[in-house]
Amino acid sequence: MSNTSLGQVLVVDDDPVLITVIEAFLLDGRAEVVHTAQNGVEATKKLVQLAKKLDFIFCDLNMPDMDGLQFLRQVSNFNYTGPMAIISGEDRSILSLATKLAASLDLNLASAISKPLNFDELDHVIAGARGQIYKPITNPVEKVSEQRLRTALAEQEFTAFYQPKIETSSGRLIGVEALARWKCPNDGWIRPDQFIPVAEKSDLIVELTRNIISVVAGHAGHWHEIGPDFGISINLSANVLSDIDLPNDIEAEFTGNNLDFSKFTFELTESQLLRQNTNTLETLARLSLKGFKLSIDDFGTGFANLEMIRDFPFSELKLDRSFISRATSDISARASAEACIELGKKLDMILVAEGIEKVEDWSFCLERDVDHLQGFLIAKPMPVEDLRKWIPVYNAKAAHLARAVLAMGDLQSKEQSRQNNVA
Ligand code: C2E
Ligand code: CA
Ligand code: CA
């Protein structure tokens, strides 16, 4: 077992979709082996075989033939003393009853998690089980001074993590987005919202962007091995676009690494697009002429007008995660998401939804023909070496996962029409 993931985990739930989703989530670097059972009897058999080897058990409460409360007794009978969590769609009072039962049986109940699943909550429970709740940097903005950033750049402490993107309809992996990460010798990994704003206030953003582009180009060997259809997106700040040498420099670096420009997309946020000047437009046009693709990021949060989007060679719109993640629970977020999707379709753009955390989010995008997805449900950003290990594991289950989402969408629409008929 590596020091960053759990070893063997048992997931017990009668819902095959949920099992597939939790299994995929755990195998994404959080567990080495995942055993599954769809009812208490099957789960008890697994307990008999594995009790001493298991590191964690996730268990539903409401299952046919043996409910979760009976299963808790079995867990105690078979002397499993490791951590476990109940996952249930029952109301809080039942969860609280189950918690009391687990305590009376001396079980090590790490958490009682309500459905629908929240992946941050799951991650927190897993991190707790590993005894390594991540310590966030306290007041990072104060800590990251321009000087510190300058030194870190000189020391080459920046790299790129990659977050997978998939095709909504098939689940097929289509590419990644490169996201800057700072490996600080004292504070560990620092995320971009803690240093990009500081860099953007100075000229450091230009050096930082060039640095990330070089890191991505330097991973060319990986891109060649993954295959010719794999796309890579890179973020740009508007300030960087005033550097009119940038397109030629990128061209030289990418040509040197034998990279196909048409597989690379540069993302610019909608709000940055509004701060354009003549140089920005020229640089964007030149990148496009060279064969790179352009994407509008965080779409829906700025107020770019139609002409601006139409007149520029953007081929992709990324719907902002703030309303995608709330679209299934909040009417106004859903209306914003739908309006952006409609607009993107009218403009014939490729639509990408970010912030997909729940199966329901995927299902929402599938029903509305959003082309591509990105989010923690599929995978978090990771170093290139982890990506290479993750790809075959994901590919083996991509089609199954997409079918499970499709089945869930069908179930939901049947339930909806049943409710409509009753009403
Ligand atoms: P972004 O371009 O919108 O990137 C997506 C961000 O959303 C990433 O955060 C990613 O980790 C996060 N994310 C993806 N899926 C989910 C999800 O399902 N749930 C949640 N809660 N978050 C999700 P990250 O890596 O912290 O990057 C933050 C922002 O920093 C980026 O937002 C981008 O605007 C900026 N950034 C990152 N790398 C660079 C870079 O190399 N250059 C520039 N100029 N900006 C960068
Ligand atoms: Ca982006
Ligand atoms: Ca975004």
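Everything discussed here concerns the structure shown above.
Residues numbered from 1 in each chain as written. Chains lettered and ligands numbered in written order. Predicted model: local features only at pLDDT ≥ 70, side-chain atom pairs only at ≥ 80, totals over all residues. Heavy atoms only, no water.

S.K.: For the coordination of the calcium ion (ligand 2), give the residues involved together with the corresponding values.
M.R.: The calcium ion (ligand 2) binds to the protein through E177 (OE), N235 (OD1), E267 (OE) and D297 (OD), with metal-donor distances spanning 2.1 to 2.3 Å. Mapped onto the polypeptide sequence, the residues donating to the calcium ion (ligand 2) form the spacing pattern E-x57-N-x31-E-x29-D. Separating the calcium ion (ligand 2) and the calcium ion (ligand 3) is a distance of 4.2 Å, and D297 donates to both of them. Within this pair, whereas E267 is found in strand 10 (residues 264-269), its partner D297 is found in strand 11 (residues 293-299), the two being separated by 30 residues in sequence. The pair E267 / D297 is uniform in exposure class, with both members buried. (Donors = N, O, S within 2.8 Å, 3.2 Å for Na, K, Ca; no water. Helix = DSSP H or I, 4+ residues; strand = E, 2+ residues; numbered from the N terminus. Buried < 20%, exposed > 50% of the residue type's maximum accessible area, 1.4 Å probe, protein only.)

S.K.: Please give an account of the coordination of the calcium ion (ligand 3) that cites residues and values.
M.R.: In this structure, D297 (OD), D298 (OD), E354 (OE) and E354 (OE) serve as the protein donors to the calcium ion (ligand 3), at separations of 2.1 to 2.7 Å. Between consecutive donor residues of the calcium ion (ligand 3), the sequence gaps follow D-D-x55-E.

S.K.: Give a detailed account of the sheet that holds strand 1 (residues 6-12), specifying residues and quantitative values.
M.R.: Read across the open sheet, the five strands follow the order 2-1-3-4-5; overall the sheet is parallel. At either end of the open sheet lies a strand with only one pairing partner, and these are strand 2 (31-37) and strand 5 (108-114). Within this sheet the neighbouring strands show an average axis-to-axis angle of 20 degrees, counted without direction. Sheet topology places strand 1 next to strand 3 (residues 54-60); five bridges connect them, and they run parallel. Bridge pairing in strand 3 links Q8 to L54. Helix 1 (residues 16-27) contacts strand 1, strand 2, strand 3 and strand 4 (83-88) of the sheet and is inclined by roughly 170 degrees relative to strand 2. Across the sheet, helix 5 (residues 119-129) is in contact with strand 1, strand 3, strand 4 and strand 5; its angle to strand 5 comes to roughly 175 degrees. (Pairing = 2+ DSSP bridges. Axes fitted to C-alpha atoms, helices over the stretch in contact; angles between N-to-C directions. Contact = heavy atoms within 4.5 Å.)

S.K.: An account of empty space enclosed by the protein is requested, with residue identities and associated values reported.
M.R.: Counted according to the given criterion, the structure contains two cavities of 30 Å³ or more. In this structure, the largest cavity occupies an estimated 70 Å³ of space. Together, A24, L27, D28, L377, I378, W390, V393, Y394, K397 and L401 line the largest cavity. Of all the secondary-structure elements, those providing two or more residues to the lining of the largest cavity are helix 1 and helix 18 (384-422). Broken down by element, the lining of the largest cavity gets its largest block of residues, five residues, from helix 18. (1 Å grid on protein atoms, 1.4 Å probe; cavity = no way out; pocket = protein on both sides within 12 Å on 5 of 7 lines; lining within 4 Å. Points joined across faces, edges and corners; volume = space filled by probe spheres on them.)

S.K.: Break down the pairing of strand 11 for me, citing the residues and quoting the values.
M.R.: Burial within strand 11 is extensive, with five of its seven residues counted as buried. Pairing geometry for strand 10 and strand 11, over five bridges, is parallel. If you follow T265 over to strand 11, its bridge partner there is K293.

S.K.: Lay out the nonpolar core in plain terms, naming residues and giving numbers.
M.R.: Across soluble globular proteins, nonpolar side chains have a tendency to be buried as a group. By size, the foremost hydrophobic cluster in this structure holds 110 residues, and its most contacted members are F58, Y162, V216, W223, F254, L319 and W362. W223 has contacts with Y162, V176, V216, F230, I232, L259, F264, V384 and L387, leaving out every residue within four places of it along the chain. In this structure, L47, M63, F71 and A112 belong to the second largest nonpolar core, which totals 26 residues. (Core = buried A, V, L, I, M, F, W, Y, C linked by side-chain atoms within 4.5 Å.)

S.K.: Please provide a residue-by-residue account of the site of ligand 1, values included.
M.R.: The full set close to ligand 1 counts 22 residues, and R181, R191, S237, E357 and F376 are the nearest of them. The separation between a nitrogen atom of ligand 1 and a polar main-chain atom of A180 is 3.0 Å. One nitrogen or oxygen atom from the side chain of S237 is found 2.9 Å from a nitrogen atom belonging to ligand 1. The protein chains hide 89% of the 800 Å² of surface that ligand 1 would expose on its own. Of all the secondary-structure elements, those providing two or more residues to the shell around ligand 1 are strand 7 (173-184) and strand 11. Examining the composition of the shell around ligand 1, we find that four residues originate from one element, strand 7, more than from any other. Across the shell around ligand 1, the residue classes tally to nine nonpolar, five polar and eight charged. (Near = heavy atom within 4 Å. Polar contact = N/O pair within 3.5 Å; in protein donor to acceptor, adjacent residues only side chain to side chain. Areas by Shrake-Rupley, 256 points an atom, 1.4 Å probe, with all protein chains shown as cover. Nonpolar A, V, L, I, M, F, W, Y, C, P; charged D, E, K, R; others polar.)

S.K.: So what about the environment of R130? Which residues, and what values?
M.R.: Position of R130 among the secondary structure elements: in the loop between helix 5 and helix 6 (140-143). By relative accessible area, R130 is classed as buried at 18%. Taking the C-alpha atoms as reference, R130 lies 9.3 Å from D55; in sequence the two are 75 residues apart.

S.K.: So what's going on with the pairing of strand 10? Which residues, and what values?
M.R.: The buried count for strand 10 comes to six of six residues, which makes it a mostly enclosed element. Of the two faces of strand 10, the one holding F264, F266 and L268 and the one holding T265, E267 and T269 are both buried throughout. Taken together, the four bridges between strand 9 (residues 231-235) and strand 10 define a ladder with parallel strand orientation. What sits directly across from I232, in strand 10, is F264. One crossover worth recording links strand 9 to the parallel strand 10 by way of helix 11 (residues 246-256), and it is right-handed. (Right-handed = clockwise from strand over helix to strand, strands pointing away.)

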